[in-house]
Amino acid sequence: MKTLCIILAALICLPILAFAADDSKVTGSDNSSLDFILDQSTIDYLARESEVSNFFQGIRNNPEELRAFFLSMPKGGDIHNHLTGAVYAEDLIDAASSERLCIYSNNYTVTKCTGSQNTIPLSQAYRNEQFYNSIVDTWSMKNSELLNVSGHDQFFSTFGRFGGATKNTSLMVAELRSRAAIDNIEYLELMTGVNTSSKASSLGNWSENLSHYYDDLIKGGLRELAEEASINLRETDAKSIEILDAGDPGRNVTVKYLCTVSRIKPKKEVFAQLALAFEVANISPLAVGINILSAEDNRTAREDYSLHMKMIDFLHGKYPNVKIALHAGELEQGLVPPEDLRSHIQEAVEVGHASRIGHGVDIMRETNSQKTLSEMGKNKVAVEIMPVSNKEILGVSGEDHPFPIYLSRGVPIVLASDDPGVLRTDLTEQFVIIASDYPQVSYSDIKTFARNSLEYSFLRGDGIWAISGNYSQIRKECAGCRPGTGCEECKAFLDKNEKARAEWRLEGDLAAFERGVYNWTTLGGNGN
């Protein structure tokens, strides 16, 4: 009786939950709201959600219980994920060995085998456990606390060492698809460089007048390079699916790509590669946006930061439909001079047209932090929160992390893994840390983070929600249906909107997850 009273009280306070019924059509949807409130399937839905919320509260101080809970929970998408940094060192060793590559004995950097005395075939690692483990440590953050370098320096140094082992992009994407499925992720938005970017840098002559330089790039063949890159991306992605066994659930993981540019290159190269990235994202069905990356504290990155934002602003004018996510504010006090902590996130939002901010760690050190937070909340500019990455690279975690500030200001939050291979982590661990470190986070918040990962993804088309970021009301095209079920009324809308299909699937998966937890907990935890 007590549980029923709580549920009815919640129903009176909640907006109409047009997606709560277990039937594909909502019973009594044309009648009064009171008829809907008394609908048994709606009461059952809220009873399950309430039970799962109670279970979550009961285990939130037990990291191992939380890991099992979040591993089985559908988490939507991982939309801040670097392709090469997502692959584990063990997989890279396998790839390099199969390609008969070597490493330099003094720094473990991958190279072609030339017969030189200071190179060692990667295949020898399988016969020497110490050698194998040393490669893993050097190519990742494993045991980084034992090294005589900072986490920041170790992290950024790994990419140059194992880079030669990342040529087989299809194999890497296949591995990430398979691993995502195990982690209950249905969508990956992978950051990757454009394979023709080096050619783009050789086109045209640099000019401080960006319009002139852009025209020169177009005349020099930028669009042809973009077509070539688009074809390569399509072939790479298709092959990644072919690599997987027929029964591998990774085949069902949707993968799209963000075209990336390094911010530590000379300005001529940065602009040429940005122009190419925008062009590819404009024409390729698989490329859904652009991003700029590399260490934000690098001298060139700092000195040219405002120029880079102006470049992106210019190209946004040329390609207004291309989505933009930007690394900004991946900085901390002492890492850079104070002036470099004052405006990066603000510039990314106001000049760079960022729809999402990656990291945003130094927000409260910015001169106009309150204004920027207000703009992000009002305009639904999401922040990608990556607790493992921020702790390992910047030493920022717990109460020193701005996560609670973004949450309290209404900024949409997405949890992401960043470089799970290098960092030795996964998306599940990000959820565990957030639930453990921040007691103010409720199960409802957790579901919102999962939903945000699709709502603020760059999947094309409209989503299923009437108001972006408000997960209480389905849009009118599907208002009479329960997400995740077959519904003829909604089929046409889902068929033409990729984002809506992903969100529809997530809602069905979340409902199944909650039914499973509810049945397990209400039957005494024995599942019988």
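Quick note: structure is the one above.
All figures in this text were calculated on a predicted structure; none of them were measured in a lab.

1. Side note on the side chain of Glu186
Inference 1: The topology assignment puts Glu186 in the loop between helix H9 (169-182) and strand S5 (187-193).
Inference 2: One buried charged residue, Glu186, forms no salt bridge at all, with the nearest opposite charge on Arg505 at 4.3 Å.
Inference 3: Side-chain polar atoms of Glu186 contact the backbone nitrogen of Leu506, separated by 3.4 Å.
Inference 4: Once you skip the residues sitting within four places of it in the chain, Glu186 turns out to touch Gly76, Asn252, Val253, Thr254, Leu454, Ala502, Arg505, Leu506 and Asp509.

2. Overview of the nonpolar core
Inference 1: Counting residues in each nonpolar core, the largest one holds 143 residues, and the members touching the most others are Phe69, Phe70, Trp139 and Tyr406.
Inference 2: Considering every element that reaches this core, the biggest residue donor is helix H13 (residues 267-283), with 10 residues.
Inference 3: Dropping the residues within four chain positions of it, Trp139 is found in contact with Ala89, Leu92, Ile93, Ile103, Tyr108, Val110, Leu122, Thr158, Arg161, Phe162 and Val422.

3. A word on the sheet that holds strand S2 (residues 101-104)
Inference 1: Spatially, the 3 strands line up as an open sheet ordered S3-S2-S4, and their pairing is antiparallel. Lying at the two open borders of the sheet, with one neighbouring strand each, are strand S3 (110-112) and strand S4 (119-121). Across the sheet, the mean angle separating the axes of adjacent strands is 45 degrees when strand polarity is ignored.
Inference 2: Two elements, S2 and S3, share 3 bridges in a ladder whose sense is antiparallel. Bridge pairing links Ile103 to Val110 in S3.

4. Let's talk about the packing of helix H11 (residues 210-220) against helix H15 (residues 305-318)
Helices that pack against each other are described as a pair by the angle of their axes relative to one another and the distance between those axes.
Inference 1: Running from N to C, H11 and H15 point in directions that differ by 60 degrees, and their axes come no closer than 11 Å. In terms of axis orientation, H11 runs oblique to H15. Handedness of the H11/H15 crossing: right-handed. Between H11, through Leu210, Ser211 and Tyr214, and H15, the contact on the second element is made entirely by Lys310, Met311, Phe314, Leu315 and Lys318.
Inference 2: Of the residues that constitute the contact of H11 with H15, the class distribution is 5 nonpolar, 1 polar and 2 charged.

5. Regarding the sheet that holds strand S11 (residues 413-415)
The strands making up a sheet are joined through hydrogen bonds of the backbone, oriented either antiparallel or parallel.
Inference 1: The strand order S1-S5-S6-S7-S8-S9-S10-S11 describes an open sheet built from 8 strands, whose pairing is parallel. In this open sheet, the two edge strands, each paired with only one partner strand, are strand S1 (77-82) and S11. Strand-to-strand twist in this sheet, taken as the mean axis angle between neighbours without regard to direction, amounts to 25 degrees.
Inference 2: Both S5 and strand S6 (residues 254-262) contribute to a ladder of 7 bridges, which runs parallel. When the bridges of S6 are listed, Leu190 appears paired with Tyr257.

6. Focus: the pattern of salt bridges
Inference 1: Using the criterion set out here, one finds 22 salt bridges in the structure.
Inference 2: Put simply, Glu350 and Lys371 hold a salt bridge, and the shortest N to O gap is 2.5 Å. Placement of Glu350 in helix H16 (residues 344-350) and of Lys371 in helix H17 (residues 369-378) is noted, with a sequence separation of 21 residues between them.
Inference 3: For Lys371, a relative accessible area of 41% gives the class partly exposed.
Inference 4: One salt bridge in this structure joins Glu384 and Arg356, with 2.5 Å as the shortest N-O distance. Pair noted here: Glu384 is in strand S10 (residues 382-385) and Arg356 is in strand S9 (residues 356-359), with a separation of 28 residues, a long-range link.
Inference 5: A single salt-bridge network, built from bridges that share partners, covers Glu49, Lys447 and Glu514.

Analysis parameters
Residues numbered from 1 in each chain as written. Predicted model: local features only at pLDDT ≥ 70, side-chain atom pairs only at ≥ 80, totals over all residues. Heavy atoms only, no water. Helix = DSSP H or I, 4+ residues; strand = E, 2+ residues; numbered from the N terminus. Buried < 20%, exposed > 50% of the residue type's maximum accessible area, 1.4 Å probe, protein only. Lys, Arg positive; Asp, Glu negative; His and termini not counted. Salt bridge = Lys/Arg side-chain N within 4 Å of Asp/Glu carboxyl O. Polar contact = N/O pair within 3.5 Å; in protein donor to acceptor, adjacent residues only side chain to side chain. Contact = heavy atoms within 4.5 Å. Core = buried A, V, L, I, M, F, W, Y, C linked by side-chain atoms within 4.5 Å. Pairing = 2+ DSSP bridges. Axes fitted to C-alpha atoms, helices over the stretch in contact; angles between N-to-C directions. Parallel < 35°, antiparallel > 145°, perpendicular 65-115°, else oblique. Left-handed = near helix turned anticlockwise from the far one by under 90°. Nonpolar A, V, L, I, M, F, W, Y, C, P; charged D, E, K, R; others polar.

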